[in-house]
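Summary of structural features
Residue-level listing of the chains:
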Amino acid sequence: MGINIVCLVKATLPTEAKIALDAKGRAADERAKPIINPYDEFAVEEAVKLRESGAADKATLLCVGSAKAALEPIQRGLAMGADDAILVDTGDRHPLELDGAATAAAIAAVLKTIPFDLVLCGRVAVDTGAAEVPGRVAELLGLPLAQVVNKLDVAPGRATAHREADGRTEVVELALPAIATADKGLNKPRYPNLPSIMKAKKKPVDTRPLEAVLGGAPQATRRVVANELPPGKGPVRMVAGAPAEAARALVGALRDEAKVL
Amino acid sequence: MTAPELETSSAEERTLRESVREFALEEILPRVRELEHAKRLPPELFRKLGEMGLLAMIYPEAYGGAGMDYRLMAASIEELARVCPGAALSVAATNSLAAGQIFLFGTEEQRLRWMPGIASGAKTASWGLTEPDAGSDSFRLASRAERAPGGWILNGRKSLITHASFCDLAVVMAMTDAGSGRDGITAFVVERGMKGFESGKTEEKLGMCASDTGDLVFRDCFVPDANVVGAPGMGGRHALGVLDGGRIGIAALAVGLAQGAMDASIAYAHQREQFGRPIAQFQAIQFKIADMATKIHAARLMVERAAAVKESTGKSGHDGSMAKLFASEISVQVAEEAIQIHGGYGYTKDFLVEKYWRDSKLLTIGEGTSEVQRLIIAKHMLA
């Protein structure tokens, strides 16, 4: 009796990328090359470790995204040691056209077609910060859910997860199949070595069009109507003069102009 | 900072570059100066490089290799050199030289005997062609091997040899038929512990100090027949074949070094303020960065081209020489401009640009000087 793990991986923009808005006011996804969501990397590492230790038999990646954007998280996950991948190809759609509900519906639909015991993913995707997909998937499939996990043990039929709660560590037990979301500290993701990167391209990637997975067009439940960038840094004013005089001028400016004192 | 992105680069190459860069930033960057002072890479770092698959990139898995092509090997060496050119030199030499000769011209038994150890970093390897009086005139060898029952007696000295002071084995070229020039040379694998084989002096160098350089000395050293690589008399031709691939590695190293010097310059130009603004806002600095970027881009494309030619024809030929010539020359120029951008601070050891510049100069000399590359290119053009 083997345990199959499915890792949900998402392509996000690198955290250091400069976010720009496109003509329609959406956060542009074309200008920076996507990376694997850093929290999903913890999930992949955990799945590969469980497989390597013999606690699990298989680690499969599941990614919803355009074939182009998903290439990176899938390549990275396979190079880290995942066995195979399923890509739900969203085609030319802008990522924002697919909200958390539609993404979760696609993931749940795929999970209904494959045997799995444990679903692992990052606790949040660093681009949208919504952290809603794991909960929605758990709800759609009626799975137990442990969020923000920093230690995980898996045995046949059950998983034990440690979570940081207020001032204590909460240890929860989940009957499998279940879903758990990874926090920083769960492990230290490896950087894949060169032979693994070479082997990754020979691993199977099962591509399924989004419409085929959902049996129709995705149903978004909400719409992003605007994106606003934070205001730029204002000009810097240097306060000159002798220390006592400069300090007086600075306090004056802070009180009368900036009104922070 | 993300890896430089080429329009043509594959997802595989991106994963590879990111992975090698993360490795270099984590395992090498914190001790760049320490390695320079130690004048060698420690055994534990060789093993980490081996685990990462960086020591035998282009060879099949059966011999411990990573099964990559020349293009991906070049990308990996570039990412290492961007952080530490000296470590990258040790890695490039390990990949191309001794392992190259054993893989290309050794028997199956010899490959299985020596390559997995080199690939894992458990064994370090040297490659000896150069001698005190045979540099660019590389086949005027004074080292001699004479027939003895069951093997050969080797005498001579190899100089300016990478990893000479600690190598576990060395592929050494020696004259076995003095009257036949290049066709009188035979290649031998000499192993640490063989009587009559020892390391000579270790060089004090201008740069590339993390990579050990020194002499190998042979005094009546008996080398068994099983350690002859390729047929007797073929060692000279085979050495040329090894150098043909090695040039791609050195060219890639030059691109990475220049990229590292430019990365440092861009970061400094944004941060350093003079006349009330970051110096990046001055055209004098902007134009330097533009020239650096253009040279690096051109050199990288030439390395890619040479790698593709090597992959499809088995020989990088004049494409490899052009890439090595151009990339090494621009790496010196870029590193020098990087110091200029840093001004007085660039001349101090508080910043790494002085090191990039010292390291760069080796590249116009090692594995065929710029002048030898020009000879190869001219020979092709005027043929």
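That block above? That's the structure.
Residues numbered from 1 in each chain as written. Chains lettered and ligands numbered in written order. Predicted model: local features only at pLDDT ≥ 70, side-chain atom pairs only at ≥ 80, totals over all residues. Heavy atoms only, no water.

Focus on helix α11 (residues 353-363) of chain B
With eight of its 11 residues buried, α11(B) lies for the most part within the structure. Looking at the buried side of α11(B), the elements it contacts are α2 (32-38), α4 (70-83), α5 (85-96), α8 (235-271) and α10 (317-346) of chain B. (Buried < 20%, exposed > 50% of the residue type's maximum accessible area, 1.4 Å probe, protein only. Helix = DSSP H or I, 4+ residues; strand = E, 2+ residues; numbered from the N terminus. Contact = heavy atoms within 4.5 Å.)

A closer look at the nonpolar core
Core analysis: the biggest nonpolar cluster contains 145 residues, and Leu152(A), Leu54(B) and Leu253(B) have the highest contact counts within it. Considering every element that reaches this core, the biggest residue donor is α8(B), with 16 residues. Setting aside its immediate chain neighbours within four residues, Leu54(B) contacts Leu194(A), Val20(B), Phe23(B), Leu49(B), Ser76(B), Leu80(B), Val91(B) and Asn95(B). (Core = buried A, V, L, I, M, F, W, Y, C linked by side-chain atoms within 4.5 Å.)

Concerning the environment of Gly241(B)
All names here are of chain B. As for its position among the elements, Gly241 is in helix α8. Gly241 gets classed as partly exposed once you look at its relative accessible area, which sits at 25%. Gly241 sits 140 residues away from Gln101 along the chain, and the two C-alpha atoms are 8.2 Å apart.

Some words on the packing of aromatic side chains
The way to describe two aromatic rings as a pair is by their centre distance and the angle between their planes. All names here are of chain B. One pass over the structure, following the stated rule, counts 10 aromatic pairs over all chains. Ring plane angle 50° and centroid distance 5.9 Å describe the contact between Tyr345 and Phe351, whose orientation is recorded as tilted. With a relative accessible area of 42%, Tyr345 lands in the partly exposed category. Joined through ring pairs, the aromatic side chains of Tyr59, Tyr63 and Phe103 make up one cluster. Note that Arg40 overlies the ring of Phe166, its terminal NZ or CZ placed 3.7 Å from the centroid. Its guanidinium or amino end placed over the ring of Phe103, Arg111 lies 4.5 Å from that ring's centre, counting from NZ or CZ. (Phe/Tyr/Trp six-rings, centres within 6.5 Å; stacked < 30°, edge-to-face > 60°. Lys NZ or Arg CZ within 6 Å of the ring centre and 35° of its normal.)

Side note on a nonpolar patch on the surface
A surface patch of nonpolar side chains, about 500 Å² in accessible area, is lined by Val239(A), Leu250(A), Val251(A), Leu254(A), Val260(A) and Leu261(A). Along the chain, the position of Val239(A) falls in the loop between α6 (210-214) and α7 (243-257). (Patch = residues over 30% accessible without salt bridge, like charges linked within 9 Å, V, L, I, M, F, W, Y side chains within 5 Å. Areas by Shrake-Rupley, 256 points an atom, 1.4 Å probe, with all protein chains shown as cover. Salt bridge = Lys/Arg side-chain N within 4 Å of Asp/Glu carboxyl O.)

Things to note about α7(A)
Spanning 15 residues, α7(A) covers 20 Å between terminal C-alpha atoms, matching the ideal 21 Å at 1.5 Å per step. Where α7(A) ends, the next residue or the one after it, Lys259(A), has phi of about 55°, a positive value. (Expected span 1.5 Å × (residues − 1).)

As for the interface of chain A and chain B
Taken together, the contact pairs 18 residues of chain A with 26 residues of chain B. The contact between chain A and chain B buries some 1,900 Å² in all, and 57% of this surface belongs to carbon and sulfur atoms. Contact with chain B buries area across many residues of chain A, yet Tyr191(A), Leu194(A) and Met198(A) alone supply 37% of it, more than any other trio. In this structure, the connection of chain A to chain B is made through five salt bridges. One salt bridge in this structure joins Lys201(A) and Glu12(B), with 3.4 Å as the shortest N-O distance. (Buried area = accessible area lost by both parts, 1.4 Å probe.)

A few points about the pattern of salt bridges
On inspection of all chains with the given rule, the structure shows 52 salt bridges over all chains. For Glu170(A), the salt bridge is made with Arg163(A), and the minimal N-O distance between the two is 2.8 Å. Classification of Glu170(A) by relative accessible area gives partly exposed; the value is 26%. In this structure, Glu257(A) and Arg237(A) form a salt bridge, with 2.9 Å as the shortest nitrogen-oxygen distance. Taken together, the residues Glu257(A) in helix α7 and Arg237(A) in the loop between α6 and α7 connect sequence positions 20 residues apart. When sorted by exposure, Glu257(A) lands in the same class as Arg237(A), which is exposed. What emerges from the salt-bridge pattern is a single network uniting Glu13(B), Arg17(B), Arg71(B), Glu78(B), Glu79(B), Arg82(B), Asp263(B), Arg300(B) and Glu304(B).

Quick word on the pairing of strand β5 (residues 185-191) of chain B
All names here are of chain B. A large share of β5 lies buried, amounting to six of its seven residues. Two strands pair when backbone bridges link them, and strand β4 (residues 169-175) and β5 are joined in this way by seven bridges, in the antiparallel orientation. Directly across from Ala174, in β5, lies its bridge partner Thr186. Here two bridges tie β5 to strand β8 (residues 228-229), and the two strands are oriented antiparallel to one another. Bridge pairing in β8 links Phe188 to Val228. (Pairing = 2+ DSSP bridges.)

The values reported here are purely geometric and, on their own, carry no functional implication.
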